[in-house]
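Below are the chains, spelled out letter by letter.
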Amino acid sequence: NAGVTQTPKFQVLKTGQSMTLQCAQDMNHNSMYWYRQDPGMGLRLIYYSASEGTTDKGEVPNGYNVSRLNKREFSLRLESAAPSQTSVYFCASSGDRGLYEQYFGPGTRLTVT
Amino acid sequence: AQSVTQPDIHITVSEGASLELRCNYSYGATPYLFWYVQSPGQGLQLLLKYFSGDTLVQGIKGFEAEFKRSQSSFNLRKPSVHWSDAAEYFCAVGTAGYALNFGKGTSLLVTP
C-alpha cells in the first residue's frame, strides 16, 4: 500500500496564479484532511472531509477550496495564490478503525512569489 | 475550543539521557490526545495516543506518555534517547470531524 500520496512535491507560483494540490489514499479511509505547516505555528487545519460527499472548514480556510472527488481523493485548490500561502501542505486520512489516528502524506512545499 | 500548548520550542539532550517533552491541553471533557513525530522533510508519524483507561500509554520507538487530568498534561518521555530521535514532536488533541488541533511543536536536538 502507498498510504497517502500527494502531488506535486514542490511548486513555485506567482501571485495570482491558481493551482490544485492532489491527495489520494488507498486505505479505504472515510475522513480526509488538509493542513498547512508554517515555522513556529505547528499544523493548522484548512479543510476536512469527514466522509465522502461532505466538506467542512477548519481553522484557516480563507483563500482555499476543496473537493472530495471520491472516497480516495481530496484536492485543495488555490484560486488566486498569495505570498501568505507559502507553506508546506499536508494531506491526511483516518478510518473507522482508528478515528483520529491520522496518516499523513509526505507534503507539498509551495512557494508563492 | 480544544487546544494544546507545548511550552518548549527547542530541547537539547545528550544521547543516552532521558527525555521529557511537555504538553498541556485545554478541554472540558476527557480529551483524545496524541503525540506525532516529524523527521526533517517528512510527513508526521503517530507515536502514541490516549483515549481513556490506563493513564500511562506506550508507543512506538520506546516512547511513553502519561495523562494527568489534574495537571491537564500529556507529557512524552523516553528513558534513553538515540541520535535518530532528533526530530520535531507535536502534541495534538482531537476535535470536530475527527480532525486534530496541533501544538506548535518541540524541536529535539540530540548531541553526542
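Residues numbered from 1 in each chain as written. Chains lettered and ligands numbered in written order. Predicted model: local features only at pLDDT ≥ 70, side-chain atom pairs only at ≥ 80, totals over all residues. Heavy atoms only, no water.

Novice: When you look at the overall build of chain A in this model, what are you seeing that I'm missing?
Specialist: Within chain A, the regular secondary structure consists of zero helices and eleven strands. Secondary structure of chain A in N-to-C order comes out as β-β-β-β-β-β-β-β-β-β-β. In terms of overall size, chain A behaves like a compact globule, its C-alpha atoms giving a radius of gyration of 13 Å where 113 residues would be expected to give roughly 13 Å. Taking the principal axes of the C-alpha coordinates as reference, chain A spans close to 40 × 25 × 25 Å. When the 113 residues of chain A are sorted by exposure, 50% land in the buried category. Within chain A, residue pairs in contact and separated by at least 24 positions form 55% of the contacts whose partners lie at least 6 positions apart. Positive and negative side-chain charges of chain A, numbering 11 and 9 respectively, have mean locations separated by a distance of 7 Å. (Helix = DSSP H or I, 4+ residues; strand = E, 2+ residues; numbered from the N terminus. Rg over C-alpha atoms; globule rule 2.2 N^0.38 Å. Buried < 20%, exposed > 50% of the residue type's maximum accessible area, 1.4 Å probe, protein only. Contact = heavy atoms within 4.5 Å. Lys, Arg positive; Asp, Glu negative; His and termini not counted. Charge placed at Lys NZ, Arg CZ, Asp CG, Glu CD.)

Novice: What's the story with the sheet that holds strand β1 (residues 4-7) of chain A in this structure? I'm lost.
Specialist: Within a sheet, each strand pairs with its neighbour through backbone hydrogen bonds, oriented either parallel or antiparallel. Residues and elements named next belong to chain A. Taken together, four strands build an open sheet; the order of strands is β1-β3-β8-β7 and the sheet is antiparallel. Each having just a single partner strand, β1 and β7 (64-68) make up the two edges of the open sheet. With strand direction ignored, the average angle separating the axes of adjacent strands in the sheet is 20°. (Pairing = 2+ DSSP bridges. Axes fitted to C-alpha atoms, helices over the stretch in contact; angles between N-to-C directions.)

Novice: Just checking my understanding: could you explain the environment of B:E66 for this structure?
Specialist: Residue and element names in this part refer to chain B. Inspection of the secondary structure puts E66 in strand β8 (residues 64-68). Here E66 falls in the partly exposed class, since its relative accessible area comes to 23%. In this structure the C-alpha to C-alpha distance between E66 and Y50, which are 16 residues apart in sequence, comes to 8.7 Å. Aside from chain neighbours lying at most four places away, what touches E66 is T55, L56, S73, F74, N75 and R77. There is a polar contact of 3.2 Å between the side chain of E66 and the side chain of R77. (Polar contact = N/O pair within 3.5 Å; in protein donor to acceptor, adjacent residues only side chain to side chain.)

Novice: Mind showing me how you'd approach the state of the cysteines here?
Specialist: Linking two cysteines covalently via their sulfur atoms produces the bond known as a disulfide. All names here are of chain A. Per the counting criterion, the structure on display carries two disulfides over all chains. Between the sulfur atoms of C23 and its disulfide partner C91 the distance amounts to 1.8 Å. The sign of the S-S torsion, about -70°, decides the handedness of the disulfide formed by C23 and C91: left-handed. Here C23 is found in strand β3 (residues 19-25), whereas its partner C91 is found in strand β9 (residues 87-94), with 68 residues between them in sequence. The same class applies to C23 and to C91, which are both buried. (Disulfide = S-S within 2.5 Å.)

No statement about biological role is implied by the geometric values presented.
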